[in-house]
Amino acid sequence: MKKVLTVVLGLAFAGLNAQQKWSLRECVDYAVKHNLQVIQNEYSKQIQDSNLKIAQKNYLPSVNASVGNNVSFGQASLGTTSIRNDQFSNSANIGADILIYNNGRLEKTIRKSQFDVEASQYDIETIKNDISLQIAQQYLTTLLNKEIVKISQSATENAKKQFDRAKITTEVGTTAQTIVAEAEAAWAREKQNLKTAEINVGRSLFALAQLLQLKEYKDFDVQDVEVDDKLTPQLFSVDDVLNLAYENQPQIKAAQSRIKSAETQTEVTQTSFWPTLTASVGVGTFYRNLLNTNNAGYDQFGNATKEPGFFQQYKDNFGQQGGLSLNIPIFNKGITKLQVEQSKINENIAKTTLDQQKQTLRQSVQQAQFDADANYEIYLAAVEAAKSTKLAMEFADKSYTAGRTTIYDLNIARNNYANAQGSVEQAKFNYIFSLKLLNFYSGIPLTL
């Protein structure tokens, strides 16, 4: 039973450790969900969503109610004399008005708001893309540093074997004491290189955790990814990638939406040249009370009449009203014309922004393809160099064993081979990132 429990706990612990290793997709998804810049732009989009709702609600009528109270004291003129006129009045009204015609201003304002919402959404996607590329680059850097650790571990093991062998040959008197000293020094240098490589892995993991904005980073790690040792040349065409990028990259779509928004704003501004027709309806009533007398007046027989009560007056004085109002613009100092000119300038600014975005994207795609071609050539050269340095190291090892060369020459050959292996890995990951970048511009999500 204890053995079974131990195995279960061990598997659970292993599963927990496995959960701590993040894939590239997990890193990207987490980053775009928790990044503060993304969250801030999502708030900006919510503002644009509210503006759209406001524009849509302008189709509805405006309804207002009012209640007023007024009291006055003093004399009032009555022919050649004056009488005391102290009174209190109360009124209540409710009215509604609705826009009937304004040359489509409301509909055009709604369309402009829709384009603004689209642009805000594409802005969010642009930020997510930028973050994704940063994550991918740092992720590959981490994988590269891990490969360099493996190379350093192999070099350290070989140096340890060389030291053990030199120690034995020195003890039996076959080699001088300087040989074992140099072997030990070489082993110490490789251990130092290994420690440096391990620290570089920790540094790159820390940088990746910072990009993810993780609060706890000490247990953070990424999944090991097997990369094919035999890479093939990229077959992308700049024109093909550019055509796809112009269609799917959000910064281009955002600029296009802003052009439509600017053009629609010009249409909205031009509606100020046209008349505006508004309809209104309302109901209301009032109450009046003479404070210095209870009489409301006199009847046809000269008898004083009492003032009706509050509710009676409200009932008797109830009335309705309705009307149409036509506002015709004639002259407003040329301000509307200038506003239209400003809107057209904003159109030109938006179109120039689109050209700038396309230019930047084109340069990025061209740079990515140039880097891919260059990195592949560097990779091929590094592979050939690694083969040659490996052969040289093997010859140096055999020569040293036969006593025809020194341990110094052997250590130099081994260092050259370790450096050549590092160059291969560096070129390999640089080339992979260039390919992923071209795929990304083509609309393919980042994966490993």
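Residues numbered from 1 in each chain as written. Predicted model: local features only at pLDDT ≥ 70, side-chain atom pairs only at ≥ 80, totals over all residues. Heavy atoms only, no water.

Trainee: Can you help me understand the overall build of the protein in this one?
Mentor: Each helix and strand in the protein was counted, giving ten helices and ten strands. A compact globule built from 448 residues should have a C-alpha radius of gyration of about 22 Å, whereas the protein, at 42 Å, is more than 25% larger. Over its C-alpha atoms, taken along the principal directions, the protein stretches across nearly 150 × 60 × 45 Å. Across the 448 residues of the protein, 34% fall into the buried class. Residue pairs at least 24 apart in sequence account for 81% of intrachain contacts in the protein once pairs closer than 6 positions are excluded. Carbon and sulfur atoms form 55% of the exposed surface of the protein, whose accessible area is close to 27,500 Å². (Helix = DSSP H or I, 4+ residues; strand = E, 2+ residues; numbered from the N terminus. Rg over C-alpha atoms; globule rule 2.2 N^0.38 Å. Buried < 20%, exposed > 50% of the residue type's maximum accessible area, 1.4 Å probe, protein only. Contact = heavy atoms within 4.5 Å. Areas by Shrake-Rupley, 256 points an atom, 1.4 Å probe, with all protein chains shown as cover.)

Trainee: Help me out: how do you make sense of the packing of aromatic side chains in this one?
Mentor: According to the stated counting rule, one finds eleven aromatic pairs in the structure shown. Aromatic side chains F310 and F311 sit 5.3 Å apart centroid to centroid with 90 degrees between the ring planes, which places their arrangement in the edge-to-face category. Under the relative-accessibility criterion, F310 is labelled partly exposed at 32%. Its relative accessible area of 70% is what places F311 among the exposed residues. Members of the aromatic cluster, each reached through a chain of ring pairs, are F88, Y287, F310, F311 and Y314. Between K160 and the ring centre of W187, over which it is positioned, the NZ or CZ distance is 5.4 Å. Looking at K358, its charged tip hangs above the ring of Y246, at a distance of 5.4 Å from the centre. (Phe/Tyr/Trp six-rings, centres within 6.5 Å; stacked < 30°, edge-to-face > 60°. Lys NZ or Arg CZ within 6 Å of the ring centre and 35° of its normal.)

Trainee: Just checking my understanding: could you explain the packing of helix α6 (residues 238-248) against helix α7 (residues 250-270) for this structure?
Mentor: Between two packed helices, the angle of one axis relative to the other and the distance separating the axes together describe the packing. One way to put it is that α6 packs onto α7 with a least axis distance of 5 Å and a crossing angle of 55 degrees. Regarding the angle of α6 to α7, the classification is oblique. Across from A245, Y246, E247 and N248 in α6, the residues of α7 making contact are P250, I252 and K253. In the contact of α6 with α7, the residues fall into four nonpolar, one polar and two charged. (Axes fitted to C-alpha atoms, helices over the stretch in contact; angles between N-to-C directions. Parallel < 35°, antiparallel > 145°, perpendicular 65-115°, else oblique. Nonpolar A, V, L, I, M, F, W, Y, C, P; charged D, E, K, R; others polar.)

Trainee: Sorry, what's going on with helix α3 (residues 36-57) here?
Mentor: One turn of an α-helix holds 3.6 residues; hence residues three or four places apart share an orientation. Over its 22 residues, α3 extends 32 Å from the first C-alpha to the last, a length consistent with the 32 Å expected when each residue adds 1.5 Å. Every buried residue belonging to α3 is among V38, N41, K45, L52 and A55, and all of these are buried. Looking straight down α3, one finds its buried side chains confined to an arc of 80 degrees; they lie on one side. Exposed residues lying more than 90 degrees from the buried face of α3 are L36, Q40, Y43, I47, K53, I54 and K57. Check the buried side of α3 and you find it contacts α2 (24-34) and α4 (105-171). (Expected span 1.5 Å × (residues − 1). Arc of directions from axis to C-beta.)

Trainee: Which parts of the structure should I look at to understand the pairing of strand β5 (residues 87-101)?
Mentor: Two faces make up the sheet, and in a regular strand the side chains alternate between them. Examined bridge by bridge, strand β2 (residues 62-72) and β5 share eleven bridges and lie antiparallel to one another. Bridging from a neighbouring strand, N64 pairs with G95 of β5. Where β5 and strand β7 (residues 276-290) come together, 14 bridges link them in antiparallel fashion. Along β7, the bridge assignment pairs S89 with R288. (Pairing = 2+ DSSP bridges.)

Trainee: Honestly, the nonpolar core in this entry has me stumped. Any pointers?
Mentor: In globular proteins that are soluble, nonpolar side chains generally tend to be buried together. If you look at the biggest cluster of nonpolar residues, it comprises 59 residues, and the most contacted ones within it are C27, I135, L212, F220 and Y441. Contributing elements (two or more residues each) for this core: α2, α4, α5 (177-212), α6, α7, α9 (335-401) and α10 (407-441). One finds F163, A166, M393 and L410 within the second-largest nonpolar core, a separate group that totals 14 residues. (Core = buried A, V, L, I, M, F, W, Y, C linked by side-chain atoms within 4.5 Å.)

Trainee: I would appreciate a short explanation of the confidence of the model for the protein in the present structure.
Mentor: Close inspection of predicted coordinates is inappropriate for parts of the model with low pLDDT. When pLDDT is averaged along the protein, the result is 86; 90% of the residues meet or exceed 70. Confidence, read as mean pLDDT per element, is least for helix α1 (residues 2-19) in the protein (41) and greatest for α7 (95). (pLDDT = per-residue confidence, 0-100.)

Trainee: Can you help me understand unusual backbone geometry in this one?
Mentor: Among all residues save glycine, negative phi is the norm, and among peptide bonds the norm is trans. Even without a glycine there, the phi angle at Q213 is positive, about 60 degrees. Tracing the backbone shows Q213 in the loop between α5 and β6 (221-222). The phi angle at K333 is positive, at roughly 70 degrees, despite the residue not being glycine. Following the sequence through the fold, K333 ends up in the loop between β10 (319-327) and α9. Residue classification places K333 among the exposed residues on the basis of a relative accessible area of 69%.

Trainee: Looking at this structure, how should I read the sheet that holds β7?
Mentor: What the four strands build is an open sheet, ordered β2-β5-β7-β10; its pairing is antiparallel. Two strands lie at the open edges of the sheet, namely β2 and β10, each paired on one side alone. Between one strand axis and the next, the sheet turns by 20 degrees as a mean value, whatever way the strands run. When β7 meets β10, the two strands line up antiparallel, connected through nine bridges. Pairing of T276 across the sheet is with N327, part of β10.

Trainee: What is the right way to look at the pattern of salt bridges in this model?
Mentor: One pass over the structure, following the stated rule, counts 17 salt bridges. D123 is the salt-bridge partner of R258, the closest N and O atoms lying 2.4 Å from each other. With a gap of 135 residues between them, R258 in helix α7 and D123 in helix α4 connect regions that are remote in the sequence. The class of R258 is partly exposed, set by a relative accessible area of 37%. Shared partners join several salt bridges into a network, and the residues in it are K21, K146, D221 and D224. (Salt bridge = Lys/Arg side-chain N within 4 Å of Asp/Glu carboxyl O.)

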